[in-house]
Amino acid sequence: MSGLPADFAIRLLRRPEEPAAVADWMAQSEPWLTLQRDRATCLKLLLTPGRELHGATAAGRVIGVLALDLHGVLNGYIATLAVHLDWRGRGVGARLMQFAEERIQRQSPNVFLCVSSFNTAAQQFYHRRGYELVGRLRNFVVPGHDELLMRKTGPPWSAFAASSFAGDG
Ligand SMILES: CC(C)(COP(=O)(O)OP(=O)(O)OC[C@H]1O[C@@H](n2cnc3c(N)ncnc32)[C@H](O)[C@@H]1OP(=O)(O)O)[C@@H](O)C(=O)NCCC(=O)NCCS
């Protein structure tokens, strides 16, 4: 099977059972297995206060998730991007990334994210979308693996027509 179903949509996840269901499948797949993020930790990550949690839905299920941190110096930060194993390689991640960038670029010229050093497939996915390595957080989550901070760079803050917030510094 390939492609996205006709009822594919991206919307805010507001019902508590939705992130709980996402945490179930997240915790059973990479990179969270290697990062030792169990179901409870995945759920905590998804429900971090102050983040926007969006879901990709199809056939009445949440098949992908996107958590955005839109505050602080590194806003906007893609805190979590995950697609259910059964739905990978069909364009769900690409649509969620497009959605994230459009949402973030309403308030910031930069998009930041972290990807694990062992997660080479996701690194390539981000490289192809214009993200570049800007830092390496050694042994950040578990020993032996680093987190790579990546940035998709827009114009400097001085040139960015932010309506209410002109950036730090
Ligand atoms: C990384 C991840 C989010 C990508 O999501 P995905 O839905 O598998 O990715 P997509 O299908 O959108 O895109 C993958 C590639 O397949 C291509 N593709 C394959 N079949 C496709 C189809 N039927 N329709 C559209 N694109 C398709 C896309 O064009 C894309 O190629 P590109 O990167 O050159 O544009 C997903 O694999 C995932 O959840 N991985 C595990 C969690 C993870 O690593 N998250 C990131 C942590 S930082």
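Quick look at the structure, then. A quick note: this is a predicted structure, and the numbers were derived from the prediction, not measured.

Procedures and definitions
Residues numbered from 1 in each chain as written. Predicted model: local features only at pLDDT ≥ 70, side-chain atom pairs only at ≥ 80, totals over all residues. Helix = DSSP H or I, 4+ residues; strand = E, 2+ residues; numbered from the N terminus. Contact = placed C-beta atoms within 7 Å. Near = placed C-beta within 6 Å. Nonpolar A, V, L, I, M, F, W, Y, C, P; charged D, E, K, R; others polar. Pairing = 2+ DSSP bridges. Axes fitted to C-alpha atoms, helices over the stretch in contact; angles between N-to-C directions. Buried ≥ 20, exposed ≤ 12 C-beta atoms within 10 Å, placed from the backbone. Core = buried A, V, L, I, M, F, W, Y, C linked by C-beta atoms within 7 Å.

### Here we look at the overall build of the protein chain
Alright, step 1. Check the secondary structure of the protein chain and you find four helices and seven strands.
Alright, step 2. Its helices and strands in sequence order give the protein chain the pattern β-α-α-β-β-β-α-β-α-β-β, from N to C terminus.
Alright, step 3. Expressed as lengths along the three principal axes of its C-alpha atoms, the size of the protein chain is roughly 45 × 40 × 30 Å.
Alright, step 4. Across the protein chain, every contact between residues at least 6 apart in sequence was considered, and the portion connecting residues at least 24 apart equals 55%.

### As for the site of the ligand
Alright, step 1. Among the 18 residues in the neighbourhood of the ligand, the closest are listed as Val83, Arg88, Gly91, Gly93 and Ala94.
Alright, step 2. Looking at side-chain class alone, the shell around the ligand contains nine nonpolar, six polar and three charged residues.

### Points about the sheet that holds strand β5 (residues 110-116)
Alright, step 1. Pairing in this open sheet of seven strands is mixed, and the strands run β1-β2-β3-β4-β5-β7-β6 from one edge to the other. The sheet terminates laterally at β1 (9-12) and β6 (132-137), the two strands that pair on one side only. Adjacent strand axes in the sheet meet at a mean angle of 30°, parallel and antiparallel pairs treated alike.
Alright, step 2. Both strand β3 (residues 61-69) and strand β4 (residues 77-83) contribute to a ladder of six bridges, which runs antiparallel. Residue pairing for β4: Asp69 is matched across the bridge by Tyr77.
Alright, step 3. Along the sheet face, helix α4 (residues 120-127) touches β5 and β7 (147-153) and points at about 160° away from the line of β5.

### Focus on the pairing of β3
Alright, step 1. Taken across its nine residues, β3 has seven buried, putting it largely inside the fold.
Alright, step 2. Relative to β3, strand β2 (residues 51-58) is paired through eight bridges, and the arrangement is antiparallel. Looking at the pairing, Arg51 lines up with Asp69 of β3.
Alright, step 3. Where β2 hands over to β3, the hairpin turn is made up of two residues, of which Ala59 adopts a positive phi near 50°.

### Focus: the nonpolar core
Alright, step 1. By size, the foremost hydrophobic cluster in this structure holds 33 residues, and its most contacted members are Val22, Met26, Val65, Leu66, Ile78, Ala100 and Leu113.
Alright, step 2. Excluding its chain neighbours within four sequence positions, the residues that come into contact with Leu113 are Tyr77, Ile78, Tyr126 and Met150.

### Some details on the environment of Val62
Alright, step 1. Position of Val62 relative to the elements: it lies in strand β3.
Alright, step 2. On the basis of neighbour count, Val62 is assigned to the buried category, with 20 C-beta atoms found within 10 Å.
Alright, step 3. For Val62 and Val83, which are 21 residues apart along the polypeptide, the C-alpha to C-alpha distance reads 9.1 Å.
Alright, step 4. Beyond its immediate stretch of four places on either side in the chain, Val62 contacts Leu13, Glu18, Ala21, Val22, Gly55 and Thr57.

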